[in-house]
Each structure stands twice: as structure tokens, then as C-alpha cells.
Amino acid sequence: MQLVVARIGRAHGIKGEVTVEVRTDEPELRLGPGAVLATEPSSVGPLTITAGRVHSGRLLLRFEGVADRTAAEALRNTLLIAEVDPEEVPEDPEEFYDHQLIDLDVVTRDGTAVGRISEVSHLPYQDLLIVRRPDGSEVMIPFVAEIVPEIDLDEQRAVIDPPPGLLDDSQAEIASSREDS
């Protein structure tokens, strides 16, 4: 099975390094020197990582055959894809691969059906579960323990405890209001 583990960002410096947006909880395993990764678009790869380092909180990688800024910039927005055994699971029981979450049924704590996870969106500050509802609409659920307290892979479901307004705008609570002076 193939998993997207990173997206290449802009070139860094003049020696072929690139910034990467990490999309795996195991970058040391997936993005280490010697790793050979497929790419999207496929015409760019495969790419072999020759070196990596963290600079100002960002992961920088260097690839075999990419020796200057021009070659590095040509890789911008390329997805890096690792081949993973479908039976492999993360070491931490609180972590999940996207393919484990896609198609899970989503229910509230009281058992009310919400929909099914159709996508996992990885944003800089948190991940979102994109849930397709029975009527075809979508709702975005922040993938944090307070809102998604339980993932049960055996039962193929995610239990959520949504705050007011997350699933139904009419139930939203007004945190503050402005009064005209």
C-alpha cells in the first residue's frame, strides 16, 4: 500500500535542499537517508533521500541527483509516497494511518449516525476528518481527542463528541456579542 508521507516545498539555499511538509507521524522512519520514495507526479521519481536535517523547525531534505537550486525548485509541490505493508500499524495506539480511518462510520456518543469518513485533511496545526453525511453534504471534524475520543478499528467506527454548532449551525453558541453604542 502506498502512503503520502510528505509534500516538497520550496528550494532552500543553492545546494539542492528542499523544505518538506511532513505528512507522517514517523518522519524518522519514512524520510531518513537512503529511503527511496515514489512521487506524484510519477515522472519526477523515484527519489532517494541522501540527507536530511531540521532547520528553524522545518525538515530539509536532499535527494540523489538534485545538486542545485534550479533542480530543487523543479520538485516543488511533488508528493513523496512510501510503500507500506497494509498490515503495519503505528507503534503508538493513539496514532492511525489515513487508510485505517477512511470509510469508518462516524457516530456521536449516544450512537446517532453522522456519516462516514471520506478523507483525512492534514493541515499545519491539526488534522481534519472529512465526513460525508447521508444527505451527501460534508462536515469537517477536527481530529483532536476532545472531539474524537474513540477510534474503534474492530467495530469500524469513530465516536465523536461534537461541540454545539459543529454538526448543526442552528445549535451554535454565541461566545460574545457586540452592542451598538
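Report follows, based on the coordinates.

Definitions and limits used
- Residues numbered from 1 in each chain as written.
- Predicted model: local features only at pLDDT ≥ 70, side-chain atom pairs only at ≥ 80, totals over all residues.
- Heavy atoms only, no water.
- Helix = DSSP H or I, 4+ residues; strand = E, 2+ residues; numbered from the N terminus.
- Buried < 20%, exposed > 50% of the residue type's maximum accessible area, 1.4 Å probe, protein only.
- Contact = heavy atoms within 4.5 Å.
- Areas by Shrake-Rupley, 256 points an atom, 1.4 Å probe, with all protein chains shown as cover.
- Salt bridge = Lys/Arg side-chain N within 4 Å of Asp/Glu carboxyl O.
- Pairing = 2+ DSSP bridges.
- Axes fitted to C-alpha atoms, helices over the stretch in contact; angles between N-to-C directions.

**Structural notes on the overall build of the chain**
Reasoning step 1: Each helix and strand in the chain was counted, giving three helices and 12 strands.
Reasoning step 2: Across the 181 residues of the chain, 35% fall into the buried class.
Reasoning step 3: In the chain, the proportion of contacts linking residues at least 24 apart, taken out of those at least 6 apart, comes to 47%.
Reasoning step 4: Carbon and sulfur atoms make up 47% of the accessible area of the chain, which amounts to about 11,200 Å² in all.

**Let's talk about the pattern of salt bridges**
Reasoning step 1: Considering all chains together, one arrives at seven salt bridges under this definition.
Reasoning step 2: With a closest N to O distance of 2.9 Å, Glu17 and Arg53 form a salt bridge. Of this pair, Glu17 sits in strand 2 (residues 17-22) while Arg53 sits in strand 4 (residues 47-55); the two residues are 36 residues apart in sequence, bridging distant segments of the chain.
Reasoning step 3: By relative accessible area, Glu17 is classed as buried at 10%.
Reasoning step 4: Its relative accessible area of 37% is what places Arg53 among the partly exposed residues.

**What to know about the sheet that holds strand 11 (residues 150-152)**
Reasoning step 1: Ordered in space as 10-9-8-7-12-11, the six strands form an open sheet in which the pairing is mixed. Both outer strands of the open sheet, strand 10 (138-142) and strand 11, are each paired with one neighbouring strand and no more. If you compare each strand with its neighbour and ignore which way they point, the axes differ by 35° on average.
Reasoning step 2: Looking at chain direction, strand 11 and strand 12 (residues 157-160) are connected through three bridges and run antiparallel. Considered in strand 12, the bridge of Asp152 is made with Arg157.

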